[in-house]
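Next come the chains, spelled out residue by residue.
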Amino acid sequence: MEILKVQNLCKTYGSGENRVEALKNASFSMEKGEFAAVVGESGSGKSTLLNCIGGLDNPTSGKVFIGGNNLFSMKEQQMTVFRRRNIGFIFQSFQLVPELTVEQNLIFPLLLDYRSPDPRDVSELLNMLGLTDRKNHLPGQLSGGQQQRVAIGRALITKPALILADEPTGNLDSKSSSDVMNLLTQASRLYRQTILMITHNMNLTSSADRVLRVSDGILTDLGGNCDEKLS
């Protein structure tokens with residue numbers, strides 16, 4: 001089942017001598033349960049790609065379909081609601097609410113959508129994240145790795161069609177990075193969650209089913225088992 005379809009996505013900044021083509025006709029698709037990594041140098045266009053797919057930035061041209069829905073045919077309010085219900089975001093900086101406990105941060109996206117969390121889902125997720133005994137702690141009482149696990153749970157709780165992860169291990173040590181990658185892989189397998197992750201760390205691509213590379217705004221699908229191609 002196709003979850004994400006990107007068609008001829010272009011993003012241009014500036015004009016004349018200051019014109020920068022951040023994305024040049026990027027096209028690819030992802031199936032349900034697929035875990036793909038996007039790699040590329042700083043400034044290559046990979047963050048622009050992620051932001052356009054998530055509706056956080058508008059492309060100059062091209063289309064993004066999520067679950068068959070044309071994202072940029074929607075009006076602003078419609079897109080906001082659609083994004084909240086269908087896209088989960090995991091950021092490098094965690095972006096947790098400091099005054100809320102682990103459990104409260106976890107269910108916050110549901111409350112924003114006026115939905116009641118299922119206690120069984122919350123309990124199962126806390127257990128998978130290894131945070132059951134930390135559910136009443138505030139973010140400031142957690143390690144960086146634990147905070148990122150909360151952020152992953154927050155992205156999963158709405159059971160979105162797609163999760164977009166922006167350098168999810170960028171602020172973590174090697175042990176915490178490994179734990180986060182294991183959780184993302186587990187989410188992809190256990191919940192058949194479709195995940196698109198950008199990273200500058202080539203070592204993390206081994207967890208992904210596919211690797212995409214962005215270089216000077218041009219996207220190339222490297223497929224799976226890309227160690228040789230990336231070296």
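Residue indices follow the written sequence of each chain, beginning from 1 at its first position. For a predicted model such as this one, the threshold for reporting local features is a pLDDT of at least 70, and the threshold for listing and counting side-chain atom pairs is 80 or more; totals across whole chains, interfaces and linings nevertheless cover every residue. Each side-chain value is derived from all of the structure's non-hydrogen atoms; neither hydrogens nor water enter the calculation.

Let's shift gears to the packing of aromatic side chains. Note on aromatic pairs: the rings of Phe, Tyr and Trp (six-membered ring only in Trp) are paired at centre separations within 6.5 Å, and the planes decide the class, stacked below 30 degrees, edge-to-face beyond 60, tilted for the rest. Inspection of the entire model under this criterion finds one aromatic pair. Seen from their ring centres, phenylalanine 89 and phenylalanine 91 are 5.8 Å apart, and the 5° between their planes marks the pair as stacked. Burial here depends on accessible area, computed with a 1.4 Å probe over protein chains only, as a share of the maximum for the residue type. Under 20% is buried, over 50% is exposed, and the range in between is partly exposed. Residue class for phenylalanine 91 comes out partly exposed when judged on its relative accessible area of 24%.

Before going further, it helps to examine the sheet that holds strand E10 (residues 218–223). Sheets are built from strands paired through backbone hydrogen bonds, the pairs being either parallel or antiparallel. When DSSP finds at least two bridges between two strands, those strands are taken to pair. Each helix is a run of H or I in the DSSP string that is no shorter than four residues. Each strand is a run of E no shorter than two, and both are numbered from the N terminus. The six strands are arranged E6-E7-E8-E3-E9-E10 in an open sheet whose pairing can be described as mixed. Only two strands of the sheet have a single neighbouring strand rather than two, namely strand E6 (87–90) and E10. Strand-to-strand twist in this sheet, taken as the mean axis angle between neighbours without regard to direction, amounts to 20°. Note: strand E3 (residues 35–39) against strand E9 (residues 210–215), four bridges, orientation parallel. Residue pairing for E9: alanine 37 is matched across the bridge by valine 211. We call two residues contacting when some pair of their heavy atoms lies within 4.5 Å. For helices, the axis comes from a line fit to the C-alpha atoms of the stretch in contact; other axes are also lines fit to C-alpha atoms, and the angle between any two N-to-C directions lies between 0 and 180 degrees. Packed on one face of the sheet, helix H2 (residues 76–86) meets E6 and strand E7 (162–166) and runs near 70° to E6.

Bringing the environment of valine 81 into the picture now. With respect to the element layout, valine 81 can be found in helix H2. When the C-alpha positions of valine 81 and alanine 37 are compared, they lie 26 Å apart, and in sequence the two are 44 residues distant.

This next bit is on the pattern of salt bridges. By definition here, a salt bridge exists when the distance from a side-chain nitrogen of Lys or Arg to a carboxyl oxygen of Asp or Glu is within 4 Å. For the coordinates displayed, the defined rule picks out twelve salt bridges. Of the charged contacts in the structure, one is a salt bridge between lysine 175 and aspartate 179, with a shortest N-O distance of 2.8 Å. Here aspartate 179 and lysine 175 lie together in helix H6 (residues 174–190), a separation of four residues that amounts to about one turn. For aspartate 179, a relative accessible area of 26% puts it in the partly exposed group.

With that settled, the discussion passes to the pairing of E3. With respect to burial, E3 is a largely interior element, five of its five residues being buried. Of the strand pairs in this sheet, E3 and strand E8 (residues 194–199) are connected by five bridges, and their pairing is parallel. By the bridge assignment for E8, valine 39 is matched with threonine 199.

Moving on to the side chain of threonine 194. Structurally, threonine 194 is set in strand E8. With relative accessibility at 0%, the residue threonine 194 sits in the buried group. Of note is the side chain of threonine 194, whose polar atom sits 3.1 Å from the backbone nitrogen of glycine 33. Beyond its immediate sequence surroundings of up to four residues, threonine 194 is in contact with Ile3, Met30, Glu31, Lys32, Gly33, Glu34, Ala161, Leu162 and Ile163. Polar contact is the term for a pair of N or O atoms within 3.5 Å; when the atoms are in protein, one must be able to donate a hydrogen and the other to accept it, and sequence-neighboring residues count only if both atoms are side-chain atoms.

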